[in-house]
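# Examining the three-dimensional arrangement
Chain by chain, the residues run as shown.
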Amino acid sequence: AEFSYDWRRSSAHNAVLLKEFIDQYAIDVARYRGLKIDDHDTIEFDVVCHSMGCLLARYFLRYGNQALPKDGKSLPTLDWSGSKRIKNLVMVAPPNLGSLRALQSLRYGYRRLGFGYSSSILATMPSMYELLPRKRHRPIINEEGRSLDPLNITHWEENKWGPFSAEEDATLRILLPNISSRKERLALMKARMKKNMTTASQFQRSMDIDSEPPPGLKLWLFAGNSKQTPSRLRRDAKGHWNLQSELLGDGAVLSRSALMKDSRQAQLSTSTAKTPIGWSGVVFLFSGHLGLTRNPEFIVNLAYILKEGHWVLKEGRW
């Protein structure tokens, strides 16, 4: 079965819908097997997810159907309540520590094969901010060598990124047809972005908490580690922002982001940094972000992990 979700919404919001889907699917499987409906709690699933779907799945396993607290500061209770029916979680190209590609999409918009979204439209989507890299990894460096926070609206406004660019005003006029003043349009967009950033900060902090998965739950990773991947946005002395691809990944997600290798101590090297995810196994493949799911080695290893007889729930892809 495939769980389809609105990728524009927060992964925390979609986790609520995922729980409803899994609960109903467990009942359907129990009926298919000729079991009593009361026995549906014994049904276990394997979940296979890609990219943003991995964030949704991880949040669900950790927090079940708990929403992010409305105060914008506190975090939900990490009780692994979503892991009750899950045996294996297979993550493919997960942006566990964010992706600079998402930052670039928010700055310039996203287009592929003649279709896409402007930066102003993407800026209204809560999910995009949850994909941004963490400040502690220094993804944005100004000319003074200072790290800037991707979730700080001031940097976006000062640098005229995304909706604050003059070229985006035509889109803002469409989005806000009853607002005649550009100043007022930007003020409304700024308020929307700031709210999304606050929620994304909550989401990221909830995902970064170290916690061992419960017994019986296995977490598997398939990631790319062969392509130069955007890793840093640096401003030079002339005020130009330059995108650097100094590290390896799948072209969209760095391998250290997928692994969740986190250098929280200043002198801690990437190779020895700890990860809050207790991986059961890690496989690196020579494929791009979308190509990983079509890689023959992924398919062969996935079949081995899942084995025969398991019911597999596949999450929608970003």
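The structure contained in this document is the topic of the report that follows.

In this structure, the second largest pocket occupies an estimated 480 Å³ of space. In terms of lining residues, the second largest pocket is bounded by 18 residues, among which Ser10, His13, Leu68, Lys195 and Thr199 are the most central. Only helix 1 (11–32) and helix 8 (182–207) provide two or more residues apiece to the lining of the second largest pocket. If you tally residues by element for the lining of the second largest pocket, the top one is helix 8, at six residues. Taken together, the residues of the lining of the second largest pocket sort by class into seven nonpolar, seven polar and four charged.

Quick look at the nonpolar core now. Counting residues in each nonpolar core, the largest one holds 67 residues, and the members touching the most others are Tyr129, Trp156 and Met193. Element by element, the count of residues in this core is highest for helix 2 (residues 52–63), at nine residues. With residues near it in sequence (within four places) discarded, tryptophan 156 still touches Leu103, Leu106, Arg107, Pro150, Trp161, Phe164, Met193 and Met197. If you look at the next biggest cluster of nonpolar residues, it comprises 12 residues, including Ala93, Leu285, Phe298 and Ile305.

Burial analysis of strand 7 (residues 218–224) places six of its seven residues in the buried class, the great majority of the element. Across five bridges, strand 3 (residues 86–92) lies against strand 7 in parallel orientation. The partner of methionine 91 across the bridge, within strand 7, is leucine 221. When strand 7 meets strand 12 (residues 281–285), the two strands line up parallel, connected through five bridges. Bridge pairing in strand 12 links phenylalanine 222 to valine 283.

Let us look at helix 3 (residues 100–108). Of all the nine residues making up helix 3, seven are buried; the element is thus mostly covered by neighbouring parts of the structure. Turning to helix 3, its buried residues are Leu100, Ala102, Leu103, Gln104, Ser105, Leu106 and Arg107. N-cap assignment for helix 3: the residue whose side-chain oxygen lies 3.1 Å from the backbone N of arginine 101 is serine 99. In the stretch just after helix 3, glycine 109 is the one whose phi turns positive, near 95°.

Enumeration according to the criterion identifies 11 aromatic pairs in this entry. Taken together, the ring pairs connect Phe3, Tyr5, Phe21, Tyr25 and Phe45 into an aromatic cluster.

A few words now on the pairing of strand 10 (residues 241–244). Where strand 9 (residues 232–235) lies against strand 10, four bridges are found, and the strand directions are antiparallel. When the bridges of strand 10 are listed, arginine 232 appears paired with glutamine 244. Hairpin remark: strand 9 followed by strand 10, antiparallel, with five residues in the connecting loop; positive phi at glycine 239, about 90°.

Now for unusual backbone geometry. Even without being a glycine, serine 51 presents a positive backbone phi close to 55°. Along the polypeptide, serine 51 turns up in the loop between strand 2 (45–50) and helix 2. Taking the relative accessible area as the measure of exposure, serine 51 reaches 0% and is therefore buried. In this structure, arginine 138 is a non-glycine residue whose phi angle is positive, near 55°. Take arginine 138: it is sitting in the loop between helix 5 (126–130) and strand 6 (140–141).

Moving on to empty space enclosed by the protein. Within the structure shown, the criterion is met by three cavities of 30 Å³ or more. Counted as a void, the largest cavity has a volume near 130 Å³. Lining the largest cavity are 15 residues, and of these Leu97, Gly98, Pro133, Leu254 and Arg256 lie nearest its centre. Space inside the second largest cavity adds up to approximately 70 Å³. Forming the boundary of the second largest cavity are Arg58, Leu61, Arg62, Trp80, Leu89, Met91, Ser211, Leu219, Pro276 and Ile277. Of all the elements in the fold, those that place two or more residues in the lining of the second largest cavity are helix 2 and strand 3. Considering every element that reaches the lining of the second largest cavity, the biggest residue donor is helix 2, with three residues. Looking at the lining of the second largest cavity, its residues break down into seven nonpolar, one polar and two charged.

Cut-off values and rules
Residues numbered from 1 in each chain as written. Predicted model: local features only at pLDDT ≥ 70, side-chain atom pairs only at ≥ 80, totals over all residues. Heavy atoms only, no water. 1 Å grid on protein atoms, 1.4 Å probe; cavity = no way out; pocket = protein on both sides within 12 Å on 5 of 7 lines; lining within 4 Å. Points joined across faces, edges and corners; volume = space filled by probe spheres on them. Helix = DSSP H or I, 4+ residues; strand = E, 2+ residues; numbered from the N terminus. Nonpolar A, V, L, I, M, F, W, Y, C, P; charged D, E, K, R; others polar. Core = buried A, V, L, I, M, F, W, Y, C linked by side-chain atoms within 4.5 Å. Buried < 20%, exposed > 50% of the residue type's maximum accessible area, 1.4 Å probe, protein only. Contact = heavy atoms within 4.5 Å. Pairing = 2+ DSSP bridges. Polar contact = N/O pair within 3.5 Å; in protein donor to acceptor, adjacent residues only side chain to side chain. Phe/Tyr/Trp six-rings, centres within 6.5 Å; stacked < 30°, edge-to-face > 60°.

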